[in-house]
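One letter stands for each residue in the lines below.
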Amino acid sequence: MTEGVFGDPARLEALWRTALLDSPPEEPFDRLTRLAARILAAPVSLVTLIDRDRQFFKSGHGLAEPWASRRETPLSHSLCRYAVAEGEPFVVEDAREDPRVRDNLAVPELGVVAYAGVPLVTNDGHALGTLCVIDSKPRRWNDEELSLLGDLAGAAMTEIELRTLAREARRESRLLATVLEQSPYGVSISDATGRLRHNAAAERIWAGAADAETVDDWSRYRAFHPDGRPYEGSDWSMARCLANRDVVEAQEFHIQRFDGTHGWLLGGAAPLIGEQDELLGAVAVFTDITELKSAEAKNRARALEINDDVIQSVSAAKLALEVDREQQAHEALEEALGAARKIVNDLLASAGSGAVEPGDLRRRAPAAK
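These lines cover the structure that appears in this document, whether it is placed above or below.

Thresholds, definitions, all that
Residues numbered from 1 in each chain as written. Predicted model: local features only at pLDDT ≥ 70, side-chain atom pairs only at ≥ 80, totals over all residues. Heavy atoms only, no water. Pairing = 2+ DSSP bridges. Helix = DSSP H or I, 4+ residues; strand = E, 2+ residues; numbered from the N terminus. Axes fitted to C-alpha atoms, helices over the stretch in contact; angles between N-to-C directions. Contact = heavy atoms within 4.5 Å. Patch = residues over 30% accessible without salt bridge, like charges linked within 9 Å, V, L, I, M, F, W, Y side chains within 5 Å. Areas by Shrake-Rupley, 256 points an atom, 1.4 Å probe, with all protein chains shown as cover. Salt bridge = Lys/Arg side-chain N within 4 Å of Asp/Glu carboxyl O. 1 Å grid on protein atoms, 1.4 Å probe; cavity = no way out; pocket = protein on both sides within 12 Å on 5 of 7 lines; lining within 4 Å. Points joined across faces, edges and corners; volume = space filled by probe spheres on them. Nonpolar A, V, L, I, M, F, W, Y, C, P; charged D, E, K, R; others polar. Buried < 20%, exposed > 50% of the residue type's maximum accessible area, 1.4 Å probe, protein only. Phe/Tyr/Trp six-rings, centres within 6.5 Å; stacked < 30°, edge-to-face > 60°. Lys NZ or Arg CZ within 6 Å of the ring centre and 35° of its normal.

## Side note on the sheet that holds strand β1 (residues 44–50)
Part 1 of the reasoning: Pairing is antiparallel across the open sheet formed by six strands, whose spatial order is β3-β2-β1-β6-β5-β4. In the strand order of this sheet, the two ends are held by β3 (72–74) and β4 (90–92), each with one partner. For this sheet, the mean inter-axis angle between neighbouring strands, taken without regard to orientation, is 20 degrees.
Part 2 of the reasoning: Strand direction decides the pairing type here: strand β5 (residues 114–121) and strand β6 (residues 127–135), joined by eight bridges, are antiparallel. Looking at β6, one finds that Val118 is bridged to Leu131.
Part 3 of the reasoning: Sitting on the sheet, helix α1 (residues 9–17) touches β1 and β6, and the angle it makes with β6 is about 75 degrees.
Part 4 of the reasoning: Helix α2 (residues 27–39) rests against β1, β2 (54–61) and β6 of the sheet, and its axis sits at about 75 degrees to β2.

## A short note on the sheet that holds strand β7 (residues 186–191)
Part 1 of the reasoning: Taken in spatial order, the six strands line up as β8-β7-β12-β11-β10-β9 in an open sheet, and their pairing is antiparallel. In this open sheet, the two strands that pair with only one neighbour each are β8 (196–198) and β9 (222–224). For this sheet, the mean inter-axis angle between neighbouring strands, taken without regard to orientation, is 35 degrees.
Part 2 of the reasoning: As paired elements, strand β11 (residues 262–273) and strand β12 (residues 279–288) share nine bridges and run antiparallel to each other.

## Structural notes on a nonpolar patch on the surface
Part 1 of the reasoning: A contiguous nonpolar patch, built from Leu35, Ile39 and Leu148 and spanning about 210 Å² of accessible area, is present on the exposed surface.
Part 2 of the reasoning: Relative to the helices and strands, Ile39 is located in helix α2.

## Focus on empty space enclosed by the protein
It is a probe the size of a water molecule, rolled over the atoms, that shows where empty space is left.
Part 1 of the reasoning: Inspection of the entire model under this criterion finds one cavity of 30 Å³ or more.
Part 2 of the reasoning: The space that makes up the largest cavity amounts to roughly 70 Å³.
Part 3 of the reasoning: Leu46, Gln55, Phe57, His77, Ser78, Leu79, Cys80, Ala106, Leu110, Val112, Tyr115 and Ile134 together form the lining of the largest cavity.
Part 4 of the reasoning: Of the residues contributing to the lining of the largest cavity, the split by class is nine nonpolar, three polar and no charged.

## Let's talk about the environment of Arg17
Part 1 of the reasoning: Mapping Arg17 onto the fold places it in helix α1.
Part 2 of the reasoning: Distance in space between the C-alpha atoms of Arg17 and Glu161 is 9.7 Å, their sequence separation being 144 residues.
Part 3 of the reasoning: Those residues within four positions of Arg17 in sequence are excluded, and the remaining contacts are Thr164, Arg167 and Glu168.

## With respect to the pattern of salt bridges
Opposite charge on two side chains permits pairing when their charged atoms draw close.
Part 1 of the reasoning: For the structure on display, the rule yields 20 salt bridges.
Part 2 of the reasoning: Between Arg54 and Asp22 there is a salt bridge, and its shortest N-O distance comes to 2.9 Å. Highlighted residues: Arg54 in strand β2 and Asp22 in the loop between α1 and α2, separated in sequence by 32 residues.
Part 3 of the reasoning: The exposure class of Arg54 is buried, given its relative accessible area of 14%.
Part 4 of the reasoning: Of the charged contacts in the structure, one is a salt bridge between Arg229 and Asp227, with a shortest N-O distance of 2.8 Å.

## Side note on the pairing of β6
Part 1 of the reasoning: In terms of burial, β6 is largely enclosed, as nine of its nine residues are buried.
Part 2 of the reasoning: Relative to β6, β1 runs antiparallel, the two being bridged by six bridges. In the sheet register, Ser45 faces β6, and the bridge partner there is Val133.

## Things to note about the layout of surface pockets
Part 1 of the reasoning: Roughly 290 Å³ of internal volume is contained in the largest pocket.
Part 2 of the reasoning: Lining the largest pocket are 20 residues, with Trp236, Ser237, Phe253, Ala284 and Phe286 sitting closest to its centre.
Part 3 of the reasoning: Put simply, the parts of the chain that give the lining of the largest pocket at least two residues each are β8, α8 (237–244), β10 (248–256), β11 and β12.
Part 4 of the reasoning: Taken together, the residues that form the lining of the largest pocket break down as 12 nonpolar, six polar and two charged.

## Here we look at the packing of aromatic side chains
Working definition: an aromatic ring pair is given by the centre-to-centre distance plus the angle between the planes.
Part 1 of the reasoning: Across all of its chains, the model carries nine aromatic pairs by this definition.
Part 2 of the reasoning: Seen from their ring centres, Tyr82 and Phe90 are 5.0 Å apart, and the 15 degrees between their planes marks the pair as stacked.
Part 3 of the reasoning: For Tyr82, a relative accessible area of 13% gives the class buried.
Part 4 of the reasoning: Over the ring of Trp67 we find Arg70, and its NZ or CZ is 5.0 Å from the ring centre.
Part 5 of the reasoning: The side chain of Arg81 reaches across the aromatic face of Tyr82, ending 5.9 Å from its centre.

Rendered as structure tokens:
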């Protein structure tokens, strides 16, 4: 037997993903072992999981002590290991006489004589363990019994995979919930009917939240078109996603928050499409750019003021030169240079750099030819 099968990283990863090793007994698995023992008239039935160097009994019906309490054995005491190694049902009529297993310690210490085990195989082809039945006397297992055991093993594997998927779904759901709640960006999610839910950042940005049940209810949120018209429920980007499956690129829009204050958001939205191309809903992600828009407006106003100062100073200098008043022209040009320095300093300040002092503004030397 190839010992590498039990230590195969991919198989062990699939086994550990189930989170069933060393877990307590559970009724769905105990029900299967009771059923297997009853249908096949066997005194012992087990659901086993084969780890790197041991077998763990997820369920054990009729198992004697001390094994019933220990709920595991070394692989030296396992016949299930053969089914896992071969990836096929393993059947023994009399283990005491069978050269494949007669030296296995399960025979003298667990009283195994007749054995039939079907591997529990994942969709990826990894054998994790078995559903098996054991008899304390020699026995020939017929095809119908093995077929029934195979059906029960299939039910056990379905239970394992459903539990694994549910556990991973819960973990991913918790991870996603944590990410959404910790995100500095607002996130709003709608189902296909228009029912809205939001993360904490969205409620902070909007200074509140309204749990809308339909797209029409979205009019509780106030936003405005560039011409000042308020949004209807169907104007929202997510509504467009739901109606036409549009992907709405990031855009700026003016809002009125629930506390009556106004602001600006930058955000986009996209539809959520299922595996069968069905529409599941839509999601919007946005951030508050009110302070940025305010800073832009202030900078724009200041730039216009400085631009006027430069134009007036240059015009005054030109007029002074025309009437031969060099001193006035010189003073006007100094004012123009001062205004230019102010423009540069404002730009440097916005970039976190130092200021420009008089004499710093020099014409760049021409490149050597």
